[in-house]
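Commentary on secondary and tertiary structure
Here is what each chain is made of, one letter per residue.
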Amino acid sequence: MFCGSDTSLASEFANLMKTRFEMSLLGTLRYFPGLQIVQPSSRIFISQRKYALELLKKFKMDDCKAVSTPLCPTTNLSLECTTEAVPSTLYRLIIGSLLYLTTSRLDIMYLVGLVARFQSNPKSSHLQAAKRILRYVKGTISYGLFYIYSPSMSIAASQMLIGVDLYLIKKVPLVVATLLVQMWFLG
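Notes on the structure follow.

Each value, and the rule that gives it
Residues numbered from 1 in each chain as written. Predicted model: local features only at pLDDT ≥ 70, side-chain atom pairs only at ≥ 80, totals over all residues. Heavy atoms only, no water. Helix = DSSP H or I, 4+ residues; strand = E, 2+ residues; numbered from the N terminus. Buried < 20%, exposed > 50% of the residue type's maximum accessible area, 1.4 Å probe, protein only. Areas by Shrake-Rupley, 256 points an atom, 1.4 Å probe, with all protein chains shown as cover. Phe/Tyr/Trp six-rings, centres within 6.5 Å; stacked < 30°, edge-to-face > 60°. Axes fitted to C-alpha atoms, helices over the stretch in contact; angles between N-to-C directions. Parallel < 35°, antiparallel > 145°, perpendicular 65-115°, else oblique. Left-handed = near helix turned anticlockwise from the far one by under 90°. Contact = heavy atoms within 4.5 Å. Nonpolar A, V, L, I, M, F, W, Y, C, P; charged D, E, K, R; others polar. Pairing = 2+ DSSP bridges. Polar contact = N/O pair within 3.5 Å; in protein donor to acceptor, adjacent residues only side chain to side chain. Salt bridge = Lys/Arg side-chain N within 4 Å of Asp/Glu carboxyl O.

With that settled, consider the overall build of the chain. Within the chain, the regular secondary structure consists of 5 helices and 8 strands. When its helices and strands are written in sequence order, the chain yields α-β-β-β-α-α-α-α-β-β-β-β-β. Out of the 187 residues belonging to the chain, those deemed buried represent 35%. As displayed, the chain offers around 11900 Å² of accessible surface, 58% of which is attributable to carbon and sulfur atoms.

Structure representation (structure tokens):
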């Protein structure tokens, strides 16, 4: 897999790889493990819709009620939590799966990192916070990253800022800027 903005250099590289390593060019990238990639002209949309659906099914949350925020603003997560302990294997599976989902979901990146801190001794409140992130993913299943290429820019730029969320975690305000757009899958 490779990419480039200069088509002549990309063609030269492809030809070099074909001759040196007996490789073939498969065309425009559409799927990569866990990622769906749509590339209309001068745009790229990267999502993990299929992976997110499989994730919800894996943890038996495919029929859960979706929520509009990934964490309740009044949630206070700490190591000194007094709620009961939960199996760390289940908790680690959820966290690992959510960490892979952050590849295309910047809106949950900070919060997944936050709940990942409690993997050594997870409590029910930590598991509840992780499951709330899954419920949020259910409601935003078609979100992903959308980039537009412009010849006047040296890099691809994100097109839209969906929202800025404010969370209070341990009495410290946290602002999370969400660089996402929603794409509707037809049929």
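Counted by the stated rule, this structure contains 2 aromatic pairs. Judged by centre distance (6.3 Å) and plane angle (55 degrees), the rings of Phe-45 and Phe-146 are tilted. Residue Phe-45 is found in strand 3 (residues 43–47), and its partner Phe-146 is found in strand 4 (residues 143–148); the two are separated by 101 residues along the sequence. When the ring of Tyr-51 is compared with that of Tyr-100, the centres are 5.2 Å apart and the planes differ by 75 degrees; the resulting orientation is edge-to-face. Linking Tyr-51 in helix 2 (residues 49–58) with Tyr-100 in helix 3 (residues 88–101), this pair joins segments that are 49 residues apart in sequence. For Tyr-100, a relative accessible area of 33% gives the class partly exposed.

On to the packing of helix 3 against helix 4 (residues 109–116), then. For the pair helix 3 and helix 4, the least separation of the axes is 10 Å and the interaxial angle reads 155 degrees. Classified by the angle between their axes, helix 3 and helix 4 sit roughly antiparallel to one another. The hand of the helix 3/helix 4 crossing is left-handed. Contacts between helix 3 and helix 4 pair Tyr-91, Ile-95, Leu-98 and Leu-99 from the former with Val-112, Val-115 and Ala-116 from the latter. Class assignment for the residues of the contact of helix 3 with helix 4 results in 7 nonpolar, no polar and no charged.

Right, let's get into the pairing of strand 2 (residues 35–38). Sheet analysis places strand 1 (residues 31–32) next to strand 2, joined by 2 bridges and oriented antiparallel. Among the inter-strand pairings, Phe-32 is bridged to a residue of strand 2, identified as Leu-35. Hairpin remark: strand 1 followed by strand 2, antiparallel, with 2 residues in the connecting loop; positive phi at Gly-34, about 85 degrees. With 3 bridges joining them, strand 2 and strand 3 adopt antiparallel strand pairing. Considered in strand 3, the bridge of Gln-36 is made with Ser-47.

Moving on, we get to the side chain of Ser-97. Considering the arrangement of structural elements, one finds Ser-97 in helix 3. Classification of Ser-97 by relative accessible area gives buried; the value is 7%. Within the structure, Ser-97 has its side chain in polar contact with the backbone oxygen of Leu-93 (distance 2.9 Å). For Ser-97, the residues in contact, after removing those within four places along its chain, are Tyr-51, Leu-55, Lys-58 and Phe-59.

Moving on, we come to the pattern of salt bridges. Scanning the model with the defined rule gives 1 salt bridge in all. The shortest N-O distance in the salt bridge between Arg-105 and Asp-107 comes to 3.0 Å. Judged by its relative accessible area of 2%, Arg-105 is buried.

This paragraph deals with the packing of helix 3 against helix 5 (residues 124–139). The interhelical angle for the contact between helix 3 and helix 5, taken along N-to-C directions, is 35 degrees, at an axis separation of 11 Å. Along this stretch, helix 3 crosses helix 5, giving a crossing that reads as left-handed. Residues Leu-90, Tyr-91, Ile-94, Ile-95, Leu-98 and Leu-101 of helix 3 pack against His-126, Leu-127, Ala-130, Ile-133, Leu-134 and Val-137 of helix 5. For the contact of helix 3 with helix 5, a count of residues per class yields 11 nonpolar, 1 polar and no charged.

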